[in-house]
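# Fold and contact review
Below, each chain spelled out in residue letters.
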Amino acid sequence: MTDPMSRPLTLFDKIWNAHAILTREDGTALLWIDRHLVHEGSFHAFDIIARDGRGVRRPDLTFGVADHYVPSTTGPIGDAEAAGLVAGIEANAARHGFDLMGPGDPRQGIVHVVGPEQGITLPGLTLVCGDSHTSTHGAFGALAFGIGASEVAHVLATQTLWQRKPSALRVGVDGALGAHVAAKDLILAIIAAIGASGAVGHVIEYAGSAIRALSMDGRMTLCNMSIEAGGRAGLVAPDDTTFAYVEGRPRAPKGADFVTAVAAWRRLPSDAGAVFDREVTLDAAAIAPTVTWGNTLDTALAVTGRVPDPDAAHDAPARGRIAAQIAYMGLTPNAALDGIPVDRVFIGSCTNGRIEDLRAAAAVLRGRRATVPGLVVAGSVPVQRAAEAEGLDRVFTDAGLRWGEPGCSMCTGMNGDTVAPGERCASTSNRNFVGRQGPGSRTHLMSPAMAAAAAVAGAITDVRRFAP
Amino acid sequence: MTPFTALRAPAAVLDRANIDTDQIIPARFLRKPRGPGYNQFLFHDVRAAESGFPLGPSDNPAILIAGANFGCGSSREGAVYALADAGVRCVIAPSFGDIFAANAAKNGLLTIVLTPAEIGALIEAVRQGAELSVDLPREHVRPDNGTAIRFAIDAFRKTCLVEGLDDIGLTLAHAGEIAAFEARDRAARAWAAPGSPPTLNSRS
Ligand code: SF4
């Protein structure tokens, strides 16, 4: 792919070029979509194609899960509307003939955990889903992004999508992360550096030695939150870490096909000299355990920091923004973040519901007691089973936390697991928006180890104090 | 889809950055079937918390002027349904969440990106009682008695909006090219076909 006569290409260019069926004069391209993930919340899209009398063009490239509305308790879904949505995706899977990983299926889980786990997500593919955290799958070097219901209907009917090519942003992170500093801290620090809308209209490629050193679970945490900087997608170049993860996954290529695939995947990384529209660099060693204090992701600060003082803001709009967030969050200007009491803890979600996340939380909780209630929810049934095989579930329950059934759970509370009005939650999820975990809920985002430490302390605390 | 051509209307001003789609429509309403009526969910919890919020479930100005990164966050198209059902036809902001902007175009809701200075001038005019004229074919917006401000929009998105086109129908006009790509690609990237589903033991 590095033809000396041609311009060096980015990973993003290569995937884009391989999928553009045609490009209009205004630059909008019709892209072929290799994988389409749907969930029970995708019902509007199925209703649109049903209304128009259309079918699913490639059911073999369509994969369904139930995640947003499934309860974290065992047994049938008590809520009739939620049960209806799950029955709806089951009916659509039967009608259109695609594979559904629904309740009771040993593969069930959050769509962004299941795709990689089952080998549905592969390097070099285009992958879309009616969910903004589809950027997660970019950890494999796949171009993956979230779309709305009308676009889901378009992909169901045509297996294609019209897209204008976004710009390319390279985020380079070199150096080594410190002890107890995780991929979550890294992405929070990146968003704090570039802003909550800093990557709007861009596809982000994460590169540098700190990124190379991340495991696949860590890369997924990183790419997952690309959307929180406004990014259209996040990408990490595939390498041996990627191939080792993919090999042997149920839906991944096998035998000679795998060898051919790896040869193709090795040509994907950005060429030397490839040009990005923008570049940002960070020093990994400078990143501390990080938490958000407000209702936008750019309020991420080192845990050693303080709630800002609106009076110190540079202009009136900033003053107003800070004051409104402090009021909603029930905080005091200049208060140390370390020590802010929390009412509960949530460990899970498509950001931090994988096995390494649960191990990191368990390492802090082992032999300790939580002083506030908390819920730990694995991202999928395979993660749940792996955690139980390692005895992690016992670590959580012995600490006094609840071990829930896999799904989205308290990340958005669509299944009824909500944070009560005015309650403060230390959460490993991805959004701290007003009301995100339930009306009036107050969310502080942090890593699994930091959330576990908060459970023990009953307050936001620096996990480095709990170092085993 | 209702075609969008030109519009003269009063504007509501919501001059705050990072209005996310969770605020525009809280998650618990997303389970509701489509049909008119998403307007009642529009900014449901924000309206409950703030008296004097500039938008309500009905009788809204057709134009909304908002802060940067409007519609960031969740991909929920319900945010667009709620605005559209509540009578909003056009949102003007310094930037939008990419997914929100795409969803808006599919539902006849025009999103216009202007600079903060241009938006400041529009807000000033609106505060003095001006209505705004939005002309999509000519790509400009003008306050009463003011000068026209040009905006840019993708040609394809504009055509779909102006003509109220269903883009699945438009795409299927390229069925031959899609099928040819599919056949070529299947041969070139055999590895990209998903392996067969695993044999499953049901969950204990
Ligand atoms: S875990 Fe949260 S962010 Fe992830 S898909 Fe589920 S609801 Fe969305």
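## A closer look at the overall build of chain B
Across its full length, chain B carries eight helices and eight strands. Dimensions along the principal axes, computed over C-alpha positions, put chain B at roughly 65 × 45 × 30 Å. Among the 204 residues that make up chain B, the fraction classed as buried is 55%. Working note: accessible area of chain B is about 8600 Å², and carbon and sulfur atoms make up 52% of it.

## Overview of unusual backbone geometry
Positioned with a positive phi, S349(A) is a non-glycine residue whose angle comes to about 85°. By the element assignment, S349(A) lies in helix α12 (residues 349-352).

## What to know about empty space enclosed by the protein
Using the criterion set out here, one finds four cavities of 30 Å³ or more in the structure. Taken together, 33 residues form the lining of the largest cavity, with H39(A), H68(A), G130(A), D131(A) and M414(A) sitting closest to its centre. Among the elements of the structure, α2 (43-51), α5 (149-158) and α12 of chain A are those that each provide at least two residues to the lining of the largest cavity. Take the lining of the largest cavity: its biggest share by element is three residues, from α2(A). Its residues placed into classes, the lining of the largest cavity shows twelve nonpolar, 16 polar and five charged. When its volume is computed, the second largest cavity comes out at roughly 80 Å³. Along its surface, the second largest cavity is lined by V200(A), I227(A), G230(A), G231(A), N69(B), G71(B), C72(B), G73(B), G97(B), D98(B) and I99(B). Residues of the lining of the second largest cavity, tallied by class, amount to four nonpolar, six polar and one charged.

## Quick look at the interface of chain B and chain A
Contact with chain B, which involves 57 residues of that partner, is made by 80 residues of chain A. Between chain B and chain A, the buried area comes to about 5500 Å², and carbon and sulfur atoms account for 57% of it. If you look at where chain B meets chain A, you find eight salt bridges. Among the ionic pairs, R31(B) bridges to D79(A), the shortest N-O distance being 2.8 Å. Connecting chain B to chain A are 24 residue pairs in polar contact (both at pLDDT 80 or more).

## Notes on the layout of surface pockets
The calculated volume of the second largest pocket comes to roughly 1100 Å³. In terms of lining, the second largest pocket is formed by 41 residues, of which the most central are R321(A), A324(A), Q325(A), R16(B) and A17(B). Mapped onto the lining of the second largest pocket, the elements with two or more residues apiece are α11 (316-329) of chain A together with α2 (44-49) and α5 (116-127) of chain B. Among the elements that line the lining of the second largest pocket, the one with the most residues is α11(A), at nine residues.

## Some words on the pairing of strand β15 (residues 344-347) of chain A
Residues and elements named next belong to chain A. Neither face of β15 is exposed, since R344 and F346 on one face and V345 and I347 on the opposite face are all buried. One ladder, built from three bridges, connects β15 with strand β18 (residues 424-427); its direction is parallel. Opposite V345, over in β18, you have A426 as the bridge partner.

## A short note on the packing of aromatic side chains
All names here are of chain B. Taken as a whole and assessed by the stated rule, the structure comprises 16 aromatic pairs over all chains. Judged by centre distance (4.9 Å) and plane angle (50°), the ring pair of F43 and F53 falls under tilted. Of this pair, F43 sits in the loop between α1 (21-24) and α2 while F53 sits in the loop between α2 and β3 (63-66), and the two are ten residues apart along the sequence. By relative accessible area, F43 is classed as buried at 0%.

## With respect to the pairing of strand β11 (residues 233-236) of chain A
Residues and elements named next belong to chain A. Of the two faces of β11, both are covered, the one formed by A233 and L235 as well as the one formed by G234 and V236. Bridge analysis of strand β10 (residues 202-207) against β11 gives four bridges, and the strand direction is parallel. Within the sheet, the bridge partner assigned to I204 lies in β11 and is G234.

## Side note on the nonpolar core
Residue and element names in this part refer to chain A. V173, I190, Y206, L222 and W265 are the most contacted members of the largest nonpolar core, which totals 83 residues. If you tally residues by element for this core, the top one is helix α6 (residues 183-194), at eight residues. When residues no more than four places from it in sequence are discounted, the contact partners of Y206 are V171, I187, I190, I211, L222, C223, S226, G234, L235 and V236. Counting 50 residues, the second largest nonpolar core, distinct from the first, contains V113, L331, V395 and A455.

## Observations concerning the packing of α6(A) against helix α8 (residues 216-224) of chain A
Residues and elements named next belong to chain A. Remark: α6 packs on α8, axes separated minimally by 8 Å, with the N-to-C direction vectors making an angle of 25°. Judged by the angle between their axes, α6 and α8 are roughly parallel. The two elements α6 and α8 meet at a crossing, and its hand is right-handed. Only G218, T221 and L222 of α8 make contact with α6, whose side of the interface consists of A183, K184, L186, I187 and I190. For the contact of α6 with α8, a count of residues per class yields five nonpolar, two polar and one charged.

## Considering the sheet that holds strand β4 (residues 62-65) of chain A
Residue and element names in this part refer to chain A. In spatial order, the strands read β5-β4-β3-β6-β7; together these five strands make up an open sheet with parallel pairing. The sheet is open, and its two edges are formed by β5 (99-101) and β7 (143-146), each paired on a single side. Along the sheet, successive strands turn relative to each other by an average axial angle of 20°, direction set aside. Inspection of the sheet shows strand β3 (residues 35-39) paired to β4 by four bridges, in the parallel sense. Residue L37 lies in a different strand from β4, and its bridge partner there is F63.

## Side note on the sheet that holds strand β9 (residues 167-174) of chain A
Residues and elements named next belong to chain A. With parallel pairing, the four strands of this open sheet are ordered in space as β11-β10-β9-β12. Edge positions in the open sheet fall to β11 and β12 (278-283), since each of these has one partner strand only. Between one strand and the next, the sheet's axes are offset by a mean angle of 20°, whatever the strand orientation. The pairing of β9 with β12 spans six bridges and is classified as parallel. Paired with L169 across the bridge in β12 is R278.

What counts, and at which threshold
- Residues numbered from 1 in each chain as written.
- Chains lettered and ligands numbered in written order.
- Predicted model: local features only at pLDDT ≥ 70, side-chain atom pairs only at ≥ 80, totals over all residues.
- Heavy atoms only, no water.
- Helix = DSSP H or I, 4+ residues; strand = E, 2+ residues; numbered from the N terminus.
- Buried < 20%, exposed > 50% of the residue type's maximum accessible area, 1.4 Å probe, protein only.
- Areas by Shrake-Rupley, 256 points an atom, 1.4 Å probe, with all protein chains shown as cover.
- 1 Å grid on protein atoms, 1.4 Å probe; cavity = no way out; pocket = protein on both sides within 12 Å on 5 of 7 lines; lining within 4 Å.
- Points joined across faces, edges and corners; volume = space filled by probe spheres on them.
- Nonpolar A, V, L, I, M, F, W, Y, C, P; charged D, E, K, R; others polar.
- Contact = heavy atoms within 4.5 Å.
- Buried area = accessible area lost by both parts, 1.4 Å probe.
- Salt bridge = Lys/Arg side-chain N within 4 Å of Asp/Glu carboxyl O.
- Polar contact = N/O pair within 3.5 Å; in protein donor to acceptor, adjacent residues only side chain to side chain.
- Pairing = 2+ DSSP bridges.
- Phe/Tyr/Trp six-rings, centres within 6.5 Å; stacked < 30°, edge-to-face > 60°.
- Core = buried A, V, L, I, M, F, W, Y, C linked by side-chain atoms within 4.5 Å.
- Axes fitted to C-alpha atoms, helices over the stretch in contact; angles between N-to-C directions.
- Parallel < 35°, antiparallel > 145°, perpendicular 65-115°, else oblique.
- Left-handed = near helix turned anticlockwise from the far one by under 90°.

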